[in-house]
Amino acid sequence: MTPCSKQTTKGVLYDVFQVNWKSLGMIAGVSLSLIAAGCGQENIDDTADSGEDQTETISISEKVDYTITGIEPGAGITQATDNALEEYENLAGWEQINSSTVAMLSELDDAIQNEEPIIVTGWSPHFKFAKYDLKYLEDPRGVYRDVEYISTIVRKGLKEDMPEAYTILDRFHWEPADMEEVMLAAQEMEFEDAARQWVDENQDKVDEWTEGVEPVDGTSIELVLTPWDTERSSAHVAKIVLEQMGYEVKLTPVDPSIMFQAIAKGDGDASLAPWMPATHAAFYEKYEGEFEDLGENLRGARIGLVVPSYMNIDSIEDLEPAE
Ligand code: PBE
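Everything numeric here is computed off the predicted structure, so don't read it as measured data.

(A) Local environment of the pattern of salt bridges. Per the counting criterion, the structure on display carries 13 salt bridges. The partner of Glu317 in a salt bridge is Arg141, with the nearest N and O atoms 3.8 Å apart. Taken as a pair, Glu317 in the segment after strand E10 (291–308) and Arg141 in the loop between strand E4 (134–136) and strand E5 (148–155) lie far apart in primary sequence, 176 residues in all. On the accessibility criterion, Arg141 (35% relative accessible area) is partly exposed. When the shortest N-O distance is used, the salt bridge between Glu192 and Arg196 registers 3.4 Å. Of this pair, Glu192 and Arg196 both sit in helix H11 (residues 191–201), four residues apart, which is roughly one turn of the helix. The exposure class of Glu192 is partly exposed, given its relative accessible area of 22%.

Here you go:
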């Protein structure tokens, strides 16, 4: 057998040996050494064994077309991913494609149905981790940080104007499992009802937030949130609790940058939506000093690049630059 005459282009090689996409990178990478080694088929197999990991990695980058499937352009994770594209030299020539969370989830689902590679911008808590077998890519440069917390911020003057709400918001703290419970229930009912159900079932926790606080008589308060289920959950729970204390609560969903702006300008009263220290750092810094930070309301959130577990890749640094 003398495949030498056919080893001049990558395309011919694929046809001859019928390799699937997982081997394409390896073949492309070794074609020159094959020619030098005399073109025997054994050589190809030998090289395939020794270079397996590298192979698959290169192929993943090609197969996803050097593209990260992102979410809304205004999300903090979108900005963080732009930072990652700058920070990692091996992501030279890569692109982030942004549309919406719904579109990202649908592409993720498609890829998983077909066992194809895909790299998405992902975060937890989120049901995708319960529904699919997924993993975060390691981030040795720490662009996405390891653990995120979610903060409560309020407008200046809220403490004087609405001391009761201020105290409750200051005490509001829960666990990722609580938030997940609301998010999960809200798959089958309105967030309002899912939040009310959580409040009913966790009255002891809520009592800690409201202990000693005098009820008010219909004072209006506006909570600003961002349009993701994590924040729909916290905002609706805060709404129910404040309503039980006599407040009239309005929820206003906006992009993260507008959320900070609204609290800084006093257009909104409070927000339980800022993700720190990485996700919303740029927006936070822009308005720092113009709002009051009451500290974390949840610890143990996370953002990063997420892939199906069947993908043979562990780190952002395993990806290959676009040629
Ligand atoms: N998220 C969920 C948001 C915050 C909450 C991570 C998609 C963001 O990136 O801004």
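Now, onward.
(B) Expanded view of the packing of H11 against helix H13 (residues 229–244). Between H11 and H13, the shortest axis-to-axis distance is 8 Å and the interhelical angle comes to 60 degrees. One way to sum up the angle between H11 and H13 is to call them oblique. Note that H11 runs across H13; the crossing there is right-handed. Packed against H11, whose contacting residues are Phe191, Glu192, Ala195, Arg196, Trp198 and Val199, the element H13 presents Asp229, Arg232, Ser233, His236, Val237, Lys239, Ile240, Val241, Glu243 and Gln244 at the interface. Classifying every residue of the contact of H11 with H13 by side-chain character gives seven nonpolar, three polar and six charged.

(C) Quick peek at empty space enclosed by the protein. All chains considered together, the criterion is met by one cavity of 30 Å³ or more. In this structure, the largest cavity occupies an estimated 130 Å³ of space. Forming the walls of the largest cavity are 14 residues, and the residues nearest its centre are Trp123, Trp228, Trp275, Thr279 and His280. Looking at side-chain class alone, the lining of the largest cavity contains eight nonpolar, five polar and one charged residues.

(D) Structural view of the environment of Gln96. Here Gln96 is to be found in strand E2 (residues 95–97). Classification of Gln96 as buried rests on a relative accessible area of 11%. Counting along the chain gives 25 residues from Gln96 to Ile71, while the straight-line C-alpha distance between them is 9.2 Å. In this structure Gln96 touches Ile68, Gly70, Ile77, Thr78, Thr81, Asp82, Leu85 and Thr121, once residues within four positions along its chain are discounted. Among the polar contacts listed, one links the side chain of Gln96 to the side chain of Asp82, at a separation of 3.1 Å.

(E) Region of the structure containing helix H10 (residues 176–185). Inspection of H10 places Pro176, Asp178, Met179, Val182, Met183 and Ala185 among the buried residues, and these make up the whole buried set. Looking at the buried side of H10, the elements it contacts are E5, H11, helix H12 (203–210), H13 and E10.

(F) Examining the site of the ligand more closely. In the vicinity of the ligand there are 13 residues, among which Gly76, Ile77, Glu231, Trp275 and His280 approach most closely. Residue Gly76 places a main-chain N or O atom 2.7 Å away from an oxygen atom belonging to the ligand. Compared with its free state, where it exposes 280 Å², the ligand has 100% of that area covered by protein. Assessed atom by atom at 2 Å from the grid points, the ligand resides in the largest cavity. Elements supplying a minimum of two residues to the shell around the ligand: helix H5 (76–87) and H13. In terms of residue class, the shell around the ligand is made up of eight nonpolar, four polar and one charged.

(G) Main features of the pairing of strand E3 (residues 120–124). Extensive coverage of E3 is indicated by the burial of five of its five residues. Residues of E3 alternate between two faces, with Val120, Gly122 and Ser124 on one and Thr121 and Trp123 on the opposite face, all of them buried. Bridge analysis of E3 against E10 gives five bridges, and the strand direction is antiparallel. Bridge assignment links Gly122 to a residue of E10, and that residue is Gly304.

The rules behind the values
Residues numbered from 1 in each chain as written. Predicted model: local features only at pLDDT ≥ 70, side-chain atom pairs only at ≥ 80, totals over all residues. Heavy atoms only, no water. Salt bridge = Lys/Arg side-chain N within 4 Å of Asp/Glu carboxyl O. Helix = DSSP H or I, 4+ residues; strand = E, 2+ residues; numbered from the N terminus. Buried < 20%, exposed > 50% of the residue type's maximum accessible area, 1.4 Å probe, protein only. Axes fitted to C-alpha atoms, helices over the stretch in contact; angles between N-to-C directions. Parallel < 35°, antiparallel > 145°, perpendicular 65-115°, else oblique. Left-handed = near helix turned anticlockwise from the far one by under 90°. Contact = heavy atoms within 4.5 Å. Nonpolar A, V, L, I, M, F, W, Y, C, P; charged D, E, K, R; others polar. 1 Å grid on protein atoms, 1.4 Å probe; cavity = no way out; pocket = protein on both sides within 12 Å on 5 of 7 lines; lining within 4 Å. Points joined across faces, edges and corners; volume = space filled by probe spheres on them. Polar contact = N/O pair within 3.5 Å; in protein donor to acceptor, adjacent residues only side chain to side chain. Near = heavy atom within 4 Å. Areas by Shrake-Rupley, 256 points an atom, 1.4 Å probe, with all protein chains shown as cover. Sits in = over half its atoms within 2 Å of the grid points. Pairing = 2+ DSSP bridges.

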